[in-house]
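Listed below are the residues making up each chain.
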Amino acid sequence: MKNKFTERGVGKDRHHKRQYIMTLIVTLAALTIIVGYTFGSFYRITRQDAVTLGENAVTREAAQMNNFLLRGTDVTQVTKMTVSYMLENGASSKEIEAFLKRQSDDYKESISSDFTGIYGWFNGEYIDGSGWVPPKDYVPKERPWYTEAQRGNGDLVMVSPYLDSKTNTILFSVAQVLDDGDSVISFDIAMDEVQTIAESIQLNGNGYGFVVDDQGMVVAHHDEWEKGKNYLKDEEQVGGDMQKLVQRVYRNKGKENTSFEMTVKGEECFVFSKRVQEKWNVILIVNYVDLYEKIRNNLIRNIAISLLIFLVVVYFCTMSYRNRLRAMHYAERLKESQCTLEDRVNEQTREIREQSEQMVQMQESVIDGMATLIESRDGNTGEHVRNTKRYVAMMVQYMYDHHMHTDEIDSDYMTQICNAAPLHDVGKIMISDMILNKPGHFTPEEFAVMQTHSEIGGNIVKDVLGNSTNPDLIKISSDVAHYHHEKWDGTGYPNGLKGEEIPLSARIMAVADVFDALVSKRVYKDAMDIEEAYRILEKDAGTHFDPELVQVFVAIKAQILAYLNGVKGEE
């Protein structure tokens, strides 16, 4: 009999050992897959976001430059009409000069200090509104402002930047031929504001920008030493990266926006460009190293936290394995010593209860660890996970004690929703860091991407917990992740559910989630006063929130305050 018991015990030892090893292997493989898949997803999403945000950035700066240039063209056209009228009515050169001087001073003071003066060729002589007297060798009809205006055949033209002989500074001009076909009016504009715009061209603080004209000349550049170079014609630029870059931009002249990838000065880069006034191009260059730095940091953080989760799993699995061995060996000894059936049952029951409690602890630790991993991406360290879980626990305990929703809420339901609460934002694992950590308001496109996290979260919960033996946990966790942004009046997302169409667990989570977001500091805001947060909840009862659940949250206000004061005391 003893040998039989011994052989059976050895067989069980091997079986449990295989289970223990397989559990560790499967857990490690799952965490490796999650980290790898997450990194791959982040890379793809960030790449897509980079193209969109880069095009938006260069378009925004191009719009500023276009507005600046339009002011110059408007000034030229308005002044042209007045001068043409004066010429038709026989105005003298002195009268025209006085008018140009008044207009020059007025535009410089009221519109922009970069508007340096109005001048031109009228009635067969050069007249300058700034009072500048040209040298004897100055031939107005040979100057770029005159020759290019004549080639424009009456249309308004923007003269390429040139060295102004009266100020010795780089200017560009807006010029136009008057109705008589010989007279030309021109308006000089300094490059200071264009340079300021060029220096501000960046993608989330990364990269640099510059402006080139249709001849390849650098009109403005974040590096002052680059201004005035011609990337297409200068000998030192022949065959260089910048010449290839500008040539590639101008091969797409039919397109308003151009984006591509190429090697610039030995670094892989994204290039974005936007055409302005059919003559200039605003260009932004961002290298991969800067663009993907956050992804690398996030990968390292994910690996570190995944290893921590794995160590937790190893600890609990090892404890469970040892307990099973002790239970099995003790059972064998009981059998060998002919212990009573009642003693054996009681001992096994105790061992099973301990194992179950340890497995539950392990499950909760893994869930909390995964949730903390996700929350840490947007600058939190797990406070949001702990706080919302605590608020949910307080709410369902109050509802259970006051016999509310007895068709759903029982002791098992309270346990399951508390375990599910940390997973409500699990879908954020698929949202780009560039959007998730943005300090300002989202654009409509960015907010649309952000909204997808709820549906993604519901699907992730189903996939991760799909083989769980507890279908109630799967259902409640999926509902919490999927529907916690639905609103009582039907204006929420992702499905626009209304009233009690929204699962009870998601309605509870919505109140806890919004309250903690209001009273907690975030990258885009400071923490709100608790009383003000309560006023917002009560104001939005019946529109955003289930009014009954807001009343519950008000009823447990003393518990909430005690908890938050305790958290501050720990800090």
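Since we're looking at a predicted model, the values are computed, not measured. (Residues numbered from 1 in each chain as written. Predicted model: local features only at pLDDT ≥ 70, side-chain atom pairs only at ≥ 80, totals over all residues. Heavy atoms only, no water.)

*Asks:* Can you lay out the overall build of the protein for me, pointing to particular residues and giving the numbers?
*Replies:* The helix and strand tally for the protein stands at 17 helices and ten strands. Counting only residues that meet the buried cut, the protein has 47% of its 571 residues in that class. Look at the contacts in the protein between residues 6 or more apart in sequence, and 61% of them connect residues 24 or more apart. If you sum the accessible surface of the protein, you get close to 28600 Å²; carbon and sulfur atoms cover 53% of it. (Helix = DSSP H or I, 4+ residues; strand = E, 2+ residues; numbered from the N terminus. Buried < 20%, exposed > 50% of the residue type's maximum accessible area, 1.4 Å probe, protein only. Contact = heavy atoms within 4.5 Å. Areas by Shrake-Rupley, 256 points an atom, 1.4 Å probe, with all protein chains shown as cover.)

*Asks:* Outline the environment of Phe270, listing residues and values.
*Replies:* Secondary-structure assignment places Phe270 in strand E9 (residues 267-276). The exposure class of Phe270 is buried, given its relative accessible area of 3%. Spatially, the C-alpha atom of Phe270 lies 6.1 Å from that of Asn287, the residues being 17 residues apart in sequence.

*Asks:* Requested: an account of the packing of aromatic side chains, with residues and values cited.
*Replies:* Following the criterion strictly, the structure yields 16 aromatic pairs and no others. The interplanar angle of 65° and the centroid separation of 5.5 Å between the aromatic rings of Tyr126 and Tyr138 together place this pair among those described as edge-to-face. A residue pair is termed long-range when its members are at least 10 positions apart, and Tyr126 in strand E2 (residues 125-128) and Tyr138 in the loop between E2 and helix H3 (144-151) qualify at twelve residues. Ring geometry for Phe515 against Tyr534: centres 5.3 Å apart, planes inclined by 65°, an arrangement best described as edge-to-face. Here Phe515, found in helix H14 (residues 504-519), pairs with Tyr534, found in helix H15 (residues 530-539); they are 19 residues apart in sequence, far enough to count as distant. Here Phe515 matches Tyr534 in class, with each residue buried. Ring pairing ties together the aromatic residues Tyr119, Tyr126, Trp132, Tyr138, Trp145 and Tyr146, which thus form one cluster. The ring of Tyr534 carries the charged tip of Lys557 above its face, separated from the ring centre by 5.0 Å. (Phe/Tyr/Trp six-rings, centres within 6.5 Å; stacked < 30°, edge-to-face > 60°. Lys NZ or Arg CZ within 6 Å of the ring centre and 35° of its normal.)

*Asks:* For the environment of Lys101, give the residues involved together with the corresponding values.
*Replies:* Relative to the helices and strands, Lys101 resides in helix H2 (residues 93-110). On the accessibility criterion, Lys101 (44% relative accessible area) is partly exposed. In this structure, the C-alpha to C-alpha distance between Lys101 and Asp128, residues 27 residues apart in sequence, is 7.6 Å.

*Asks:* With reference to specific residues and values, describe H14.
*Replies:* An α-helical segment advances 3.6 residues per turn. Residues three or four places apart therefore align on the same side. A rise of 1.5 Å per residue sets the reference length of H14, with its 16 residues, at 22 Å; its end C-alpha atoms lie 23 Å apart and thus fit the reference within 8%. Within H14, 14 of the 16 residues are buried, leaving the element largely enclosed by the surrounding structure. (Expected span 1.5 Å × (residues − 1).)

*Asks:* For the side chain of Gln416, give the residues involved together with the corresponding values.
*Replies:* Looking at the element boundaries, Gln416 is found in helix H10 (residues 411-420). Residue Gln416 is classed as buried on the basis of its relative accessible area, which comes to 10%. Ignoring any residue separated from it by four or fewer positions in sequence, one finds Gln416 in contact with Asn470, Asp472, Leu473 and Ile476.

*Asks:* Talk me through the sheet that holds strand E8 (residues 257-264); I want residue IDs and the actual numbers.
*Replies:* Spatially, the five strands line up as an open sheet ordered E7-E6-E10-E9-E8, and their pairing is antiparallel. The sheet terminates laterally at strand E7 (218-221) and E8, the two strands that pair on one side only. Averaged over all adjacent pairs, the angle separating strand axes in this sheet is 25°, with direction ignored. In the sheet, E8 pairs with E9 via eight bridges, with the strands oriented antiparallel. In the strand pairing of E9, Asn257 is matched with Lys274. Sitting on the sheet, helix H4 (residues 192-199) touches strand E6 (208-213), E7 and strand E10 (280-287), and the angle it makes with E7 is about 60°. Helix-sheet contacts for helix H5 (residues 241-250) involve E6, E8, E9 and E10, and the interaxial angle to E8 is about 160°. (Pairing = 2+ DSSP bridges. Axes fitted to C-alpha atoms, helices over the stretch in contact; angles between N-to-C directions.)

*Asks:* An account of unusual backbone geometry is needed here, citing residue identities and associated values.
*Replies:* With omega at 15°, the peptide bond leading from Tyr493 into Pro494 counts as cis. Inspection of the secondary structure puts Pro494 in the loop between helix H13 (471-483) and H14. One non-glycine residue, His403, lies in the positive phi region at around 55°. Checked against the element boundaries, His403 lands in the loop between helix H9 (383-401) and H10. A residue is classified by how much of its surface remains accessible, and His403, at 64% relative accessible area, is exposed. Even without glycine at this site, His405 takes up a positive phi of about 50°. Relative to the helices and strands, His405 resides in the loop between H9 and H10.

*Asks:* Any chance you could break down the nonpolar core for me, citing the residues and the numbers?
*Replies:* Counting 48 residues, the largest nonpolar core has Met65, Phe122, Phe172, Val194 and Trp280 as the members making the most contacts within it. When residues of this core are assigned to their parent elements, the largest contribution, twelve residues, is made by helix H1 (residues 2-88). Excluding residues within four positions of it along the chain, Phe172 makes contact with Phe68, Leu69, Met158, Val159, Pro161, Phe187, Asp188, Ile189, Ala190, Met191, Val194 and Trp280. (Core = buried A, V, L, I, M, F, W, Y, C linked by side-chain atoms within 4.5 Å.)

*Asks:* Describe the pattern of salt bridges, naming the residues involved and giving the relevant values.
*Replies:* A complete count under the given rule lists eleven salt bridges for this structure. Between Asp546 and Arg507 there is a salt bridge, with the nearest N and O atoms lying 3.0 Å from each other. Remark: Arg507 occurs in helix H14 and Asp546 occurs in the loop between H15 and helix H16 (547-555); sequence separation between them is 39 residues. (Salt bridge = Lys/Arg side-chain N within 4 Å of Asp/Glu carboxyl O.)

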